[in-house]
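# Observations on chain architecture
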Amino acid sequence: MMKRILITSGAEAIKNKMKFKKKILCIGAGYVGGPSMAMIAYKCPDYRITVVDTNPDRIDAWNSAQLPVYEPGLDKIVKKTRGKNLFFSKDIENQIKENDIIFVSVNTPIKTYGAGADMAADLQYWEKTARQILKHSRSSKIVIEKSTLPVKTALAMGKILASAKGKIKFEILSNPEFMAEGTAVNDLENPDRVLIGSHETKSGLKARAELIEIYARWIPLKKIITSNIWSSELSKLVANAFLAQRVSSINSISALCEKTDADITEVAKAVGMDSRIGDKFLNAGIGFGGSCFKKDMLNLVYLCSYYGLQEVAAYWKSVVNINEYQQERFIANILNRMFGTLAGKKICILGFAFKANTGDTRESPAIYISQKLLAEHAQVIISDPKALKNAAIDLEGTKGNVKYIEDPYRAAAGCHALVILTDWDLYRTLDFRKIYSSMVKPAFIFDGRNIIDHKKCFAIGFNVYPIGKPALSHFKN
Ligand code: UDX
Ligand code: UDX
C-alpha cells in the first residue's frame, strides 16, 4: 500500500497552535505512546497532542495509512484526530520547546550488560530523554513517566532536571499505563483506574491536578486515583507481577492435572467462581509473553535483591521459572508424543503473536518453541494473521527450515502436526476435517491454548494433546 504522508502547512500549524487549550507532547511513539495519545486527542479536541520518536520510520508509519501498531479500533480514532489535534513529528527539539506537558513513553528493556544484567531495567533511553528535555526546554514543564520504571526512577530524573538554569522548573509525575495489547482502545476508553503519582508538595499537587483535568474529560473522578510517586511506580510493577503470577499459578496446576485425571478448565472454573478469587487470567497455556510481564517481574526481583530481600526476590523469581518450565514441558511433550524424533517432520505453528488481536511478538513463547523445534531438525511452517513479519525478524539467523504462510489451510497441508500457540479466534472455527485430510497420518494436534474442540478433532482422527487435560490418543499404549 502507498504511504500517504500528511503535511500541515506552516500557516495552518501556527493557527492550530494558537487555538488549543493545552499543548501536550509524548516522546516515544510505540505501542503505549501512540494509542494512549490518540485516545487523549480523541477525547479532548481542544488539546493539541504531538508525538515524537527518535525513529523516523515510526513517525512516517504513524502518518501513513498503515499504522505501525495493529490494535482493533485504533485506525478509526487516528483517522478522526490526525492532522486536526493529533500530530506525529520528527522534530523533537522544537516540540520540547513548544509543549508544556511532556509524557515520556520510551522503552525500558532489560539491561544486557554490566551490573544487573538480565534483570534490571536499562534506563539509558529514559536518562537520554530527560537530558534532551533539559537541553531544549525554554520554560517550566510537567514531565510524566508513562513507561514502566523501577521505583525511584523519578528521583534520578528529578536530579537531572533540577540542574535546569534560571526559573525553569520541572515537576515529575508518574502515570503508569495499564492497557493491554489487543484491547488497548477499550482499556484506554474505559480503564479500571487511572493512577497518578506526584510529589506531595504544592507544585507537585498542582501538576497532579492538571493531569487529572485531562483524564476527567472522559473518566469518572472516582476511577482516577492518586498516590505518592513511589507508590505509583511500584503499583505498576506489582499489578503486572500479580497478573503474571496468576498465569504461572494456573500453569503449575495444569502440570498436576496432566498427571491425574483432573481437567484444568474444570478446576479453573470451580476456583474462579469464588468471588474472592475471580475468574479472569486463569487460562492455562504455554506461558505468558509480551514486552512487559517478564521484564517487570525481573525488575521486581532485582529491586528486592537490591534491598536485601532475598526471600521476596526468590518468591517472585519462581513465577518466571514456572513460565519457562511450562514451555519446556510443552516442547518435551511434542517430542515424546511424536516418537522421540522430529527430524524431517513438518510442523505447522498456528499463531506466533504473544496473544490474540495483536501483531506483537515480543517475548512470545512462539519464538522459543519454534527455535527448539528447529533445533530438533523439524521443518517449521508458521501461520499467523498479523504477526508473520515480526516472526520472520525474530527467527532471522536461526538455523533450519522455516516457512511463513498466512493461510492456515495451506500452512497445514502436508504437515505431521499442528501446534497452536496463539488464541486467535479464527483457529476455533477452522474446518479441521479439511485440514486432517491434507495432513500426514498419524496427525497430531498440540493445543497450547486449549481453544479448539478437542473431542471433535479426536473424532475426526487427530491425536490431540491439550494443556492440563487428558490426552486424546488413538494409539494403544
Ligand atoms: C514502552 C516500554 O517498553 C514500557 O516499559 C513502558 O511501559 C511503555 O513504553 P512500548 O510502547 O510497548 O513500551 O515500547 P516500544 O513500542 O518499543 O516504543 C518505545 C518507542 O520509544 C520506540 O518507538 C522508540 O523508537 C522510542 N524511543 C526510544 C525514543 O523516542 N527515544 C529514545 O531515546 C528511545
Ligand atoms: C499486560 C497487562 O495486562 C497490562 O495491564 C500492562 O499494561 C501490560 O502488560 P499485555 O502484555 O498486553 O498486558 O497482555 P495480557 O493480556 O496481560 O497477557 C500477557 C500474556 O499472558 C499473554 O501472553 C497471554 O496470552 C498470557 N495469558 C493471559 C495467559 O496465558 N493466560 C491468561 O489467562 C491470561
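Keep in mind it's a predicted model, so treat the numbers as computed, not measured.

About the thresholds
- Residues numbered from 1 in each chain as written.
- Chains lettered and ligands numbered in written order.
- Predicted model: local features only at pLDDT ≥ 70, side-chain atom pairs only at ≥ 80, totals over all residues.
- Heavy atoms only, no water.
- Helix = DSSP H or I, 4+ residues; strand = E, 2+ residues; numbered from the N terminus.
- Rg over C-alpha atoms; globule rule 2.2 N^0.38 Å.
- Buried < 20%, exposed > 50% of the residue type's maximum accessible area, 1.4 Å probe, protein only.
- Contact = heavy atoms within 4.5 Å.
- Areas by Shrake-Rupley, 256 points an atom, 1.4 Å probe, with all protein chains shown as cover.
- Lys, Arg positive; Asp, Glu negative; His and termini not counted.
- Charge placed at Lys NZ, Arg CZ, Asp CG, Glu CD.
- Near = heavy atom within 4 Å.
- Polar contact = N/O pair within 3.5 Å; in protein donor to acceptor, adjacent residues only side chain to side chain.
- Nonpolar A, V, L, I, M, F, W, Y, C, P; charged D, E, K, R; others polar.
- Axes fitted to C-alpha atoms, helices over the stretch in contact; angles between N-to-C directions.
- Left-handed = near helix turned anticlockwise from the far one by under 90°.
- Pairing = 2+ DSSP bridges.

## Some words on the overall build of the protein
- Along its length, the protein carries 18 helices and 14 strands.
- Compactness check: the protein gives a C-alpha radius of gyration of 24 Å against a globular reference of 23 Å for 477 residues, within 12% of the reference.
- Oriented by its inertia axes, the alpha-carbon framework of the protein measures out at about 80 × 55 × 45 Å.
- Relative to its full complement of 477 residues, the protein shows a buried share of 51%.
- Summarising the internal contacts of the protein: among those between residues at least 6 apart in sequence, 73% fall at separations of at least 24.
- Carbon and sulfur atoms provide 55% of the accessible area of the protein, an area that totals close to 22400 Å².
- The averaged location of the 48 negative side-chain charges in the protein is 4 Å from the averaged location of its 67 positive side-chain charges.

## Remarks on the site of ligand 1
- Lining the immediate surroundings of ligand 1 are 20 residues, of which V32, D53, T148, K295 and R362 lie closest.
- T108 is positioned with one of its side-chain polar atoms (N or O) 3.0 Å from an oxygen atom of ligand 1.
- One of the side-chain N or O atoms of R362 is found 2.9 Å from an oxygen atom in ligand 1.
- Computed on the free molecule, ligand 1 has an accessible area of 690 Å², of which 91% lies beneath the protein chains in the complex.
- In terms of residue count, the dominant contributor to the shell around ligand 1 is helix α6 (residues 124-136) (three residues).
- Split into classes, the residues belonging to the shell around ligand 1 amount to four nonpolar, ten polar and six charged.

## Thoughts on the packing of helix α13 (residues 310-337) against helix α14 (residues 365-375)
- As a packed pair, α13 and α14 sit with axes 10 Å apart at the nearest point and diverge in direction by 35°. For the crossing formed where α13 meets α14, the hand is right-handed. Every residue of α14 that contacts α13 at Q327, E328, F330, I331 and I334 is listed here: P365, Y368, I369, K372 and L373.
- Classifying every residue of the contact of α13 with α14 gives seven nonpolar, one polar and two charged.

## A closer look at the sheet that holds strand β3 (residues 86-89)
- Read from one edge of the open sheet, eight strands run β3-β2-β1-β4-β5-β6-β7-β8, paired in mixed fashion. The sheet terminates laterally at β3 and β8 (224-228), the two strands that pair on one side only. Taking the axes of each pair of neighbouring strands and ignoring which way they run, one obtains an average angle of 25° across the sheet.
- Strand direction decides the pairing type here: strand β1 (residues 22-27) and strand β4 (residues 101-104), joined by four bridges, are parallel. For C26, the partnering residue across the bridge sits in β4 and is F103.
- The strands touched by helix α7 (residues 153-161) are β5 (141-145) and β6 (170-174); relative to β6, the strand with the most contacts, the crossing angle is about 165°.
- Strands β1, β2 (47-52), β4, β5, β6, β7 (194-198) and β8 of the sheet are contacted by helix α9 (residues 202-215), whose axis makes an angle of about 160° with β7.

Limitation: the analysis is restricted to geometry and does not speak to function.
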